[in-house]
Amino acid sequence: MIRVALDGLRSRSLLSLGTLLLLVVALGSAVLGPAFAAAVGNAYAVTRLEEERNVLTGRTWEVRPSGAVDDPGALLDDTLDQLVLPDDQHAASAQLETSRELAPGALGEVMLMAKPDACAHLDVEGRCPEAPGEVAVLAGDAEEDGYEIGDRIELGPPFGTLTLVGTYAYPSGPSVPSERREELADYWFEPARLASVPATVRPGRQLTEIARQPAPYLVAPDQLSGLSPSLLLVRVDSRIEVPADLDAADLPALARRAAADPAPQQLAVGTAAEISNNDLDGIVTDVERERRSALLAVTPAVVSLVLVALALLSRLTSAAGELRVPDLALASLRGADRRRTWLLALSEPILLVALAVPVGLAGGAALTWALVRAWLPAGVPVPVPAYAVLACVAVVACAVAVCVLSTRAVLARSLADQLSGQARPRPVGRLAVLGAIVLVALTLVLVGAALTRPAGGATDAADLVLPLLIAAVLGLAAAGGARAAARSLARRPARGVAGFLAVRAVARRSVGTLVVLPLTIAIAVVTFGAGTFDAAGAWRASVAATQAPASTVWSSELPMREAVALTRRLDPDSRYLMATGTWNAQDGVYVVADVPRLPAASLWDPSWTPGRSVDDIVDLITRPTTPPLTGARLRLGMTVPRGVKDVTVEMRLRTAGGDTFNAYVGPFAPGTSTATERVPCGRGCTVEGLALAGPAGLPTDLAGDYVVGPLAADGADASEVLTGGDWHLVDEGVTQAAQDVRVEGDGLVVTADGTGKAALTSGSGGLRPVVAGREAVDRLGRVAAGAATSTVGGPPPSEAVVVAESLPFLGPQGVLIDYAVLTTNRTVFEEEFEVRVLASADTPEQVTEELARRGLTVERLFQQERERLDGTAYALALRLYLVASVLVLLMAVAGLVVTTAIQLPGRRMDAAALSVVGVRRRSVLSSVAVEQVVVLGAAGIAGLLAGAAAQLIVLGRITLGRVEEASWPRVVARIDPALLSGTALVVAVLLGTVALLSAWATVRRARGASLREKAR
């Protein structure tokens, strides 16, 4: 039996090799998926621990000296020698610092710090302190305090007087190499310790003023000798040690050790108390979740590979069974019973399965090793989990089942059919019709369930099989549609020989259309896999732009108004910088931005507002500002109606530095008169609002038309401030006495009648326009009864003019508002803002250096954020979709080539018969080509449609990435026309090539001699 099977495999070598290839791919996929997912989990654990902030994975101790400190350098060395580090920590560093003491004047609470080689890890202008009495301070603090190198700084007791010998800045910006950036982060452990915190006012029932805290003053270690031990503190930091071959399964034990309450260590120099903010437990939880998610992510790719392989295997084993029919008939004639006939029929496919098992396992292991070495960090272990063995057993069982079913279909034919050598056409059986109906019904049910299920849920079995079911339904429809259309055309008068022959071939040769179903499934899987990988990449880009909405994101302790003024001073042409602030208001979270600079400085992802560009967003949520007012002395003319009270003009102005103040011009008696007032607007001010009121801006009785203007500043006409502004009546926070305002001549005409103020605002009347995140629309407050009654503290009444999928920093939960629109004629507690500065990739080096000098530090880079997301377990696991697409396409082409080769002898006989009766060779060639193009084209179109439909239905409802925060945007189901066109082009080229080669091979050796050889 084995010899007969080997002879059969050898005589049908091409078919055997194709079948073996499909079995090897299926078994290799069963090994590749689980093993690669496990390796991805290990790699994610290593990279996550290495890239996480030191304060979340490292340890920090504070050591209070037990006695007088005469040698600070020796104190640091002794502390490092005596402190016992946990097994998972290494590279401890120590610094000696003082407690913060209030210094004279506006210096705030000052802290001295000494750390070996500190200046080597900073950008220093001047020199490093080398002796007692010398100090280096943050460049921005020196500029703010008005100190220059060589000046003496009076700090008062206990620090005395120090001489400024240098200024420093933390090396930041995209120009700093990544290796240098990592070295700096490791040395300083937490770079935010070098930031300067300005004085702030904490709102509450009583406003609390918090003193300024400048960045640490760097001194030589000997400067701290002799100070009281109660003022000194040794801070020791250590980083986690992450081995390259870390097994993620060992992380829970590591987290348990980190979560244990550490006991103080009694050292000879003092008591060491651990104050770590270690979050290893949370990180380990995330890693475990990512490991499970990685396996879930690769499952669809592996299942698709296996099912496509089994579908093509079914077609090839059926074809092989058809070729073995004469052998089986001969065995029956020689008296073989049913059992031996079955063994003979199954011997070849079972032998191929047996040969494929070791080859498939070895191939899967080799491919896994190659992908791990190419895509994952070096040294990552590649385990083979137990469920990989179960997957291989399941694939072998399914392959044997496919072989048995295909053999049963062959043996179900009668002996007469087997002896005839040709299968007679039969109508489709009831079971086949019933199976097709069940398939269509099941697909419709699952499609309906997928469309009604909330987006973003966990991936389930229906999501895994739905693309294949859609492809199967469309494949059956394409095959049946092609045959039905051919039969319909066959009944019409033929217009040409080639067309007549092609139509008849499609209508009568059912074997030719059998390839449509597996080919449709393969093309659909390729389309869906490529679309899934592309959608996941687009989603990660959107998440990266949410987390880091600019090439470089700088963190700042400056108030928002100062950050806006700084960016405008450093970048007056709005080409590189933009100040932003996130704000937790009563009705939601806002991202406040200098929106006119949004196109130049930010990375606005187009998926956030489809159909609207970032320039459209700027136009929608900004309002024109009044022309600037520049001068120190204002002269305002005004005409007050006869018979009314005197009027004072209250003007609200904002300086170039962002500070606001009120100027009171007047009073103006009835009639026409002028008044002057001095204002600090030498560098320019913006007039945000004005009001006609009584003395000191109090309410008064107003009636008639008041003419405000002309206006002059330092003798120069400035009436354009009045005529060029977009003036509205204030509708919140004031008893409004005005009914109308209009521009007339060189001023404004205000019509009023009532008691109160005639209050005007420039550019921000009514509801403020905002861009609301998808999840913030419902709770976005117009706050008619709350914010509408107050212009202090809270958010303004606003309306969403655009709904976005995501917004910078806050994602779908945020609301984007322009800083000028928010603050015009309104008081906002900017101390509550978390301020950042966005910088574009082409920001000049001198601008970057100036930001660092002002104490800003780089918080994150877009490229780093994108690389971090691309390195997550989900992203790495989803790369298997590309591998699956390539393998499926390879299997489809191989199956098509083998199927075509099997049909080639029969086609040549038909072509030879046509040649004998006088049909020209060119007509025969054209008819075969048209037939192949129709059949393969139907499969290609059905596969592309199935893949695109699966993307639209399934993509938004399966897990393509782990949403770590609520601020991350959702996955949006979309079809990339460029990707779909590229896939269609590749499919068309491959199928067209096969069709042309098949037609050429059919005609090439189709001669009359073939018929004579067959007759013998």
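Our structure's up above, just so we're on the same page.
Numbers given to residues run from 1 along each chain, matching the order in which its sequence is written. In view of the model being predicted, local features appear only for residues whose pLDDT reaches at least 70, and side-chain atom pairs are presented and counted only at 80 or more, with totals across whole chains, interfaces and linings using the full set of residues. Only hydrogens and water are set aside when side-chain values are computed; all heavy atoms of the structure are taken into account.

**Student:** For this particular structure, what's the right way to read the overall build of the chain?
**Tutor:** Starting at the N terminus, helices and strands are each numbered in turn, a helix being any DSSP run of H or I of at least four residues and a strand any DSSP run of E of at least two. When its secondary structure is counted, the chain shows 28 helices and 33 strands. Exposure categories follow from relative accessible area, calculated using a 1.4 Å probe and restricted to protein chains: below 20% of the type maximum is buried, above 50% is exposed, and the middle band is partly exposed. Per-residue burial over the chain gives 51% buried out of 1016 residues. When contacts within the chain are restricted to residue pairs at least 6 apart in sequence, long-range pairs at least 24 apart make up 81% of them. Residue burial considers only the protein chains on display, and all accessible areas are found by Shrake-Rupley using a 1.4 Å probe. For the chain, the accessible surface area stands at approximately 44000 Å², while carbon and sulfur atoms represent 57% of it. A contact between two residues is defined here by any heavy atoms of the two lying within 4.5 Å.

**Student:** Sorry, what's going on with the side chain of aspartate 594 here?
**Tutor:** Among the structural elements, aspartate 594 can be located in the loop between β18 (588-593) and α19 (598-601). In protein, a polar contact requires one atom able to donate a hydrogen and another able to accept it; more generally it is a pair of N or O atoms within 3.5 Å, and residues adjacent in sequence count only if both atoms are side-chain atoms. Within the local environment of aspartate 594, its side chain forms a polar contact with the side chain of arginine 568, the two groups lying 3.1 Å apart.

**Student:** Would you take a moment to explain the state of the cysteines for this structure?
**Tutor:** Throughout this description, disulfide means a covalent bond between two cysteine sulfur atoms. The definition used for a disulfide is geometric: two cysteine sulfur atoms within 2.5 Å. This model, assessed by the stated rule, comprises 2 disulfides. The side chain of cysteine 119 participates in a disulfide bridge whose partner is cysteine 128; the two sulfur atoms lie 2.0 Å from each other. Between cysteine 119 and cysteine 128 the disulfide shows an S-S torsion of about 80 degrees. By sign, it is right-handed. Overall, cysteine 119 belongs to the buried group, its relative accessible area being 16%. Given the relative accessible area of 26%, cysteine 128 is considered partly exposed. Each sulfur of the disulfide joining cysteine 681 and cysteine 685 lies 2.0 Å from the other. In this structure, the disulfide formed by cysteine 681 and cysteine 685 twists by about -95 degrees around the S-S bond and is classed as left-handed. You can call cysteine 685 buried: its relative accessible area is 1%. Each bonded cysteine of the chain gets a number by its place in the sequence, and the pairs then read 1-2, 3-4.

**Student:** I would appreciate a short explanation of the nonpolar core in the present structure.
**Tutor:** Throughout, nonpolar core names a set of buried Ala, Val, Leu, Ile, Met, Phe, Trp, Tyr and Cys residues whose side chains join them through atoms within 4.5 Å. One finds Leu251 and Met891 to be the most contacted residues of the largest nonpolar core, which totals 108 residues. For this core, the element with the most residues is helix α2 (residues 13-51), which contributes 19 residues. Setting aside anything within four residues of it in sequence, one finds methionine 891 in contact with Leu22, Val25, Leu305, Val308, Ala309 and Leu312. With 38 residues, the next largest nonpolar core counts Leu629, Met638, Trp727 and Ala758 among its residues.

**Student:** Help me understand helix α24 (residues 862-870) in this model?
**Tutor:** Since the α-helix packs 3.6 residues into each turn, any two residues three or four apart lie on the same face. Turning to α24, its buried residues number three or more, namely Phe862, Glu865 and Leu869. Projected onto a plane normal to the axis of α24, the buried residues spread over an arc of 65 degrees and lie on a single side. Working definition: the arc comes from the directions between the helix axis and the C-beta atoms, pointing outward to the latter.

**Student:** When you look at the environment of glutamine 95 in this model, what are you seeing that I'm missing?
**Tutor:** Note on placement: glutamine 95 falls in strand β2 (residues 89-98). Between the C-alpha atoms of glutamine 95 and arginine 235, which are 140 residues apart in sequence, the distance is 5.4 Å. Excluding residues that lie within four positions of it along the chain, glutamine 95 makes contacts with Leu76, Met113, Ala114, Lys115, Arg193, Leu233, Val234 and Arg235. Engagement of the side chain of glutamine 95 in a polar contact is seen with the side chain of glutamate 97, the distance being 2.8 Å.

**Student:** What should I look at first to understand the packing of aromatic side chains in this one?
**Tutor:** A ring pair, where both rings are aromatic, is described by two values, the distance of the centres and the angle of the planes. Put simply, two rings from Phe, Tyr or Trp (the six-membered ring, in Trp's case) pair if the centres are within 6.5 Å, and we call them stacked under 30 degrees between planes, edge-to-face over 60, tilted for the rest. Summed over all chains, the structure comprises 5 aromatic pairs. Ring centres 6.0 Å apart and planes at 75 degrees place the aromatic pair phenylalanine 36 and tryptophan 375 in the edge-to-face group. Note that phenylalanine 36 is positioned in helix α2 and tryptophan 375 in helix α10 (residues 338-375), a separation of 339 residues in sequence. Residue tryptophan 375 is classed as partly exposed on the basis of its relative accessible area, which comes to 28%. Arranged with centres 5.0 Å apart and planes meeting at 90 degrees, the rings of tyrosine 187 and tryptophan 188 form a pair that is edge-to-face. Each of the two residues, tyrosine 187 as well as tryptophan 188, counts as buried. Aromatic rings pair up to connect Trp583, Tyr590 and Phe833 into one cluster. We count a charge as sitting over a ring when the NZ of a lysine or the CZ of an arginine lies within 6 Å of the ring centre and within 35 degrees of the ring normal. Seen from the ring of tyrosine 187, lysine 115 lies directly overhead, with NZ or CZ sitting 4.3 Å from the centre. One residue, arginine 836, lies across the ring of phenylalanine 809, its end atom 4.3 Å from the ring centre.

**Student:** Hey, could you run me through the pattern of salt bridges in this one?
**Tutor:** Where charged atoms from two side chains of opposite charge approach closely, those side chains can pair. For salt bridges, the criterion is a side-chain nitrogen of Lys or Arg within 4 Å of an Asp or Glu carboxyl oxygen. One pass over the structure, following the stated rule, counts 31 salt bridges. Residue arginine 654 pairs with glutamate 688 through a salt bridge whose shortest N-O separation is 2.5 Å. Of this pair, arginine 654 sits in strand β20 (residues 647-655) while glutamate 688 sits in strand β22 (residues 671-693), and the two are 34 residues apart along the sequence. Residue classification places arginine 654 among the buried positions, given a relative accessible area of 11%.

**Student:** How do you make sense of the packing of α2 against α10 when you look at a structure like this?
**Tutor:** Two quantities define a packed helix pair, namely the angle between the helix axes and the distance between the axes. Fitting a line to C-alpha atoms yields each axis, with helices limited to the stretch in contact; the angle taken between N-to-C directions then spans 0 to 180 degrees. Between α2 and α10, whose axes approach to 6 Å, the crossing angle comes to 40 degrees. Compared by their axis directions, α2 and α10 come out oblique. The crossing of α2 and α10 is right-handed. Any residue outside Ala, Val, Leu, Ile, Met, Phe, Trp, Tyr, Cys, Pro, Asp, Glu, Lys and Arg is labelled polar, Gly included; the first ten of those are nonpolar and the last four are charged. Looking at the contact of α2 with α10 residue by residue, the class counts come to 21 nonpolar, 6 polar and no charged. Orientation categories follow fixed angle ranges, with anything under 35 degrees roughly parallel, anything over 145 roughly antiparallel, 65 to 115 roughly perpendicular, and all other angles oblique. Each crossing gets its hand from how the near helix is turned against the far one by less than a right angle, where anticlockwise is left-handed and clockwise is right-handed.

**Student:** Can you walk me through the packing of helix α17 (residues 516-547) against helix α27 (residues 977-1004) in this structure?
**Tutor:** Two numbers describe how α17 lies on α27: the axes approach to 10 Å, and their chain directions differ by 150 degrees. Between α17 and α27, the interaxial angle falls into the category roughly antiparallel. The crossing of α17 and α27 is right-handed. Judged by residue contacts, Leu519, Ile523, Val526, Thr527, Ala530, Gly531 and Asp534 of α17 engage Leu979, Leu980, Thr983, Val987 and Leu991 from α27. For the contact of α17 with α27, a count of residues per class yields 8 nonpolar, 3 polar and 1 charged.

**Student:** Please explain helix α9 (residues 325-333) as it appears in this structure.
**Tutor:** Those residues of α9 not exposed but buried are Val325, Leu328, Ala329 and Ala331. Projected down its long axis, α9 shows its buried positions confined to an angular sector of 160 degrees, all on one face.

**Student:** Any chance you could explain the pairing of strand β13 (residues 232-240) here in plain terms?
**Tutor:** A regular strand places its side chains so that they alternate between the two faces of the sheet. Summarising burial for β13: 9 of the 9 residues are buried, a large majority. When strand β1 (residues 59-65) meets β13, the two strands line up antiparallel, connected through 5 bridges. Counterpart to glutamate 62 in the pairing with β13 is arginine 235. Sheet analysis places β2 next to β13, joined by 8 bridges and oriented antiparallel. Each bridged residue has a counterpart across the sheet, and for histidine 90 the counterpart in β13 is arginine 239. Between any two strands, pairing holds if DSSP finds at least two bridges.

**Student:** Can you walk me through a negative patch on the surface in this structure?
**Tutor:** Residues enter patches when their relative accessible area tops 30% and they take part in no salt bridge; the joining distance is 9 Å for like charges and 5 Å for the nonpolar side chains Val, Leu, Ile, Met, Phe, Trp and Tyr. For the purpose of counting charges, residues Lys and Arg are taken to be positive, whereas Asp and Glu are taken to be negative. His and the chain ends are not included. Where a charge sits is defined by one atom per residue type, namely NZ (Lys), CZ (Arg), CG (Asp) or CD (Glu). On the surface, a cluster of negative charge is made up of Asp70, Asp71, Asp77, Asp78, Asp81 and Asp222. Within the secondary structure, aspartate 70 is located in the loop between β1 and α4 (72-82).

**Student:** Got a minute to help me understand the side chain of arginine 212 in this structure?
**Tutor:** Looking at the element boundaries, arginine 212 is found in the loop between β11 (208-210) and β12 (217-218). There is a polar contact of 2.7 Å between the side chain of arginine 212 and the side chain of aspartate 145. If near-sequence neighbours (up to four positions away) are discounted, arginine 212 is found in contact with Ala106, Leu107, Gly108, Glu109, Asp141, Glu144, Asp145, Ser196, Val197, Pro198 and Ala199.

**Student:** Explain the sheet that holds strand β17 (residues 577-585) to me, please; I cannot follow it from the model alone.
**Tutor:** The strands making up a sheet associate through hydrogen bonds between their backbones, and the pairing can be parallel or antiparallel. With mixed pairing, the 8 strands of this open sheet are ordered in space as β30-β29-β31-β18-β17-β32-β16-β33. A single partner strand is all that each edge strand has here, and the edge strands are β30 (798-804) and β33 (857-861). Between one strand axis and the next, the sheet turns by 30 degrees as a mean value, whatever way the strands run. Pairing between strand β16 (residues 552-555) and β33: 4 bridges, direction antiparallel. Residue pairing in the sheet places valine 553 in a bridge with arginine 860 of β33. On the sheet, helix α18 (residues 560-570) packs against β17, β18 and β32 (834-839) and is oriented at approximately 165 degrees with respect to β17.

**Student:** What am I meant to see in the pairing of strand β15 (residues 270-274) here?
**Tutor:** Pairing of β1 with β15 involves 5 bridges; the strand directions are antiparallel. If you follow tryptophan 61 over to β15, its bridge partner there is glutamate 274. Where strand β14 (residues 265-266) lies against β15, 2 bridges are found, and the strand directions are antiparallel. Note on β15: the bridge partner recorded for glutamine 266 is threonine 271. Taken together, β14 and the strand that follows it, β15, pair antiparallel across an intervening segment of 3 residues.

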